[in-house]
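# Secondary and tertiary structure notes
The primary structure of each chain is shown beneath.
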Amino acid sequence: MGSLKDKIIEERLPQHIAIIMDGNGRWAKQQGKMRVFGHQHGVDTVHEITKACAELGVKYLTLYAFSTENWNRSSFEVDALMTLLTNALKKEFKTLNDNNIRLNAIGDLKRLPDLQYDALMSAIEKTKNNTRMTLTLCLSYSGRWELTKAMQEIAIKVKNGVLNPEQIDEALISNSLATATMPDPDLLIRTSGEERISNYLLWQIAYSELYFTKKYWPDFSKEDLYEAILDYQGRERRFGKTSEQIKK
Ligand code: IPE
Ligand code: IPE
Ligand code: MG
């Protein structure tokens, strides 16, 4: 049996894929293991999916790794996730460079412990000239946090007289977000069967195609990614127009 990869139409590849990597805890629990075991295996999936996206020619891959709300988990789990982050950065640094992938991170990064913050900044700096794909890790991130911060920045500009309220338009708001340099996601994937957004990229996903799969993140494979992309390619993105207008 051939790979689903061969069916993907290159010209209609999503430029930007965003993923809510969910289900690590349940994956571990179903095997009678600790939640952290699931997170460890989740890192292997990140490796596989990142490589697969780069090989396909996807330009932006944005992964929800740790949300603002995830700070409310037990300190044991939070610490384990932080340790996994530094280990993964160390281990995957070569993969990023070998595959010409630029690392980026968005979120309230100042909340990260110094060790994690420094490791992240160093990996970002060392991969900054890579051009094949941008991998963005969303850490201590939430859409409402991002929008609140953007509103504060805009309000300060208005207060200081460098911006008129009439100049506030959609482009200005987009450019005030942490994702300013990226196009909006074409495809948003969530694993684990949950069908919700959980405070992810609220502004940016206005017209993204949503794809939900029951697979837990550690079980999500390259073939599952290809299946999601094929599903995406079978859809008609109308952006408010009619089907007839699109086909013209
Ligand atoms: C996703 O898996 C990873 C993070 C949120 C850090 P979960 O840890 O949410 O796993 P479930 O949803 O409890 O199974
Ligand atoms: C969303 O998953 C955040 C990440 C994947 C990092 P959660 O597991 O935290 O989301 P909820 O709480 O089920 O909505
Ligand atoms: Mg979850």
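Above this text sits the structure in question.
Attention here is on the structure that accompanies the text. Treat the numbers as computed from the prediction; the structure is a model and nothing was measured.

### Re the overall build of the protein
- Each helix and strand counted, the protein has eight helices and six strands in total.
- In sequence order, the secondary structure elements of the protein are arranged as β-α-α-β-α-β-α-β-α-α-β-β-α-α.
- Taken over C-alpha atoms, the radius of gyration comes to 19 Å for the protein, in line with the 18 Å a tight globule of 248 residues would show.
- Overall, the C-alpha framework of the protein stretches about 55 × 50 × 35 Å when taken along its three principal axes.
- The buried share among the 248 residues of the protein stands at 46%.

### Focus on the side chain of Thr191
- Mapped onto the elements, Thr191 comes out in the loop between β5 (187–190) and β6 (209–212).
- With relative accessibility at 0%, the residue Thr191 sits in the buried group.
- One polar contact links the side chain of Thr191 to the main-chain carbonyl oxygen of Asp22, over a distance of 2.7 Å.
- Not counting chain neighbours up to four residues away, the residues in contact with Thr191 comprise Ile20, Met21, Asp22, Thr213, Lys215, Tyr216, Trp217 and Phe220.

### A look at the sheet that holds strand β2 (residues 60–67)
- Strand order in the open sheet made by the six strands is β3-β4-β2-β1-β5-β6, with parallel pairing throughout. The open sheet has two free edges, formed respectively by β3 (101–106) and β6, since each of these has just one partner strand. Ignoring which end each strand starts from, the neighbouring axes of this sheet average 20° apart.
- Direction of pairing for β5 relative to β6: parallel, over a ladder of four bridges. What sits directly across from Leu188, in β6, is Leu210.
- Against the sheet, helix α4 (residues 114–126) contacts β3 and β4 (133–141), and its axis sits at roughly 140° relative to β3.

### With respect to the pattern of salt bridges
- A complete count under the given rule lists 16 salt bridges for this structure.
- Two residues, Lys94 and Asp98, come together in a salt bridge whose shortest N-O distance is 2.8 Å. Pair noted here: Lys94 and Asp98 are both in helix α3 (residues 75–98), with a separation of four residues, about one helical turn.
- Accessibility expressed as a relative area gives 55% for Lys94, which makes it exposed.
- Between Arg237 and Asp186 there is a salt bridge, and its shortest N-O distance comes to 3.0 Å. Of this pair, Arg237 sits in the loop between α7 (222–233) and α8 (243–247) while Asp186 sits in the loop between α6 (170–175) and β5; the two residues are 51 residues apart in sequence, bridging distant segments of the chain.
- Members of the salt-bridge network, linked through shared partners, are Asp22, Arg26, Arg190, Glu194 and Arg196.

### Details of the pairing of β3
- Counting buried residues in β3 gives five out of six residues, a clear majority hidden from the surface.
- Across six bridges, β3 lies against β4 in parallel orientation. If you follow Leu103 over to β4, its bridge partner there is Leu135.

### Here's the deal with the site of ligand 2
- Lining the immediate surroundings of ligand 2 are Ile20, Met21, Asp22, Tyr64, Ala65, Phe66, Ser67, Asn70, Arg73, Arg190, Arg196 and Ser198.
- For ligand 2, an oxygen atom lies 2.8 Å from a polar atom in the side chain of Arg196.
- A total of 390 Å² of accessible area belongs to ligand 2 in isolation, and the protein chains cover 77% of it.
- The leading source of residues in the shell around ligand 2 is β2, at four residues.
- Counted by class, the shell around ligand 2 contains five nonpolar, three polar and four charged residues.

### Overview of the packing of α3 against α4
- Running from amino to carboxyl end, α3 crosses α4 at an angle of 10°, the nearest separation of the two axes being 9 Å. It follows from the interaxial angle that α3 and α4 lie roughly parallel. Residue-level contacts link Met82, Thr83, Leu85, Thr86, Leu89, Phe93 and Asn97 of α3 to Leu115, Gln116, Ala119, Leu120, Ala123 and Lys126 of α4.
- Counted by class, the contact of α3 with α4 contains eight nonpolar, four polar and one charged residues.

### Some thoughts on α3
- Over its 24 residues, α3 extends 35 Å from the first C-alpha to the last, a length consistent with the 34 Å expected when each residue adds 1.5 Å.
- The largest bend in α3 comes to about 45°, at Glu92.
- Residue Asn100 follows α3 closely and has a positive phi angle near 60°.

### A look at the environment of Asn104
- Following the sequence through the fold, Asn104 ends up in strand β3.
- Owing to a relative accessible area of 16%, Asn104 belongs among the buried residues under this scheme.
- Distance from Asn104 to Asp114, taken between C-alpha atoms, is 17 Å for residues ten residues apart in sequence.
- Apart from the residues lying within four places of it in its own chain, the contact partners of Asn104 are Ile124, Thr134, Leu135, Thr136, Leu137 and Met182.

The rules behind the values
Residues numbered from 1 in each chain as written. Chains lettered and ligands numbered in written order. Predicted model: local features only at pLDDT ≥ 70, side-chain atom pairs only at ≥ 80, totals over all residues. Heavy atoms only, no water. Helix = DSSP H or I, 4+ residues; strand = E, 2+ residues; numbered from the N terminus. Rg over C-alpha atoms; globule rule 2.2 N^0.38 Å. Buried < 20%, exposed > 50% of the residue type's maximum accessible area, 1.4 Å probe, protein only. Polar contact = N/O pair within 3.5 Å; in protein donor to acceptor, adjacent residues only side chain to side chain. Contact = heavy atoms within 4.5 Å. Pairing = 2+ DSSP bridges. Axes fitted to C-alpha atoms, helices over the stretch in contact; angles between N-to-C directions. Salt bridge = Lys/Arg side-chain N within 4 Å of Asp/Glu carboxyl O. Near = heavy atom within 4 Å. Areas by Shrake-Rupley, 256 points an atom, 1.4 Å probe, with all protein chains shown as cover. Nonpolar A, V, L, I, M, F, W, Y, C, P; charged D, E, K, R; others polar. Parallel < 35°, antiparallel > 145°, perpendicular 65-115°, else oblique. Expected span 1.5 Å × (residues − 1). Bend = angle between axes of the 7 residues up to and from the residue.

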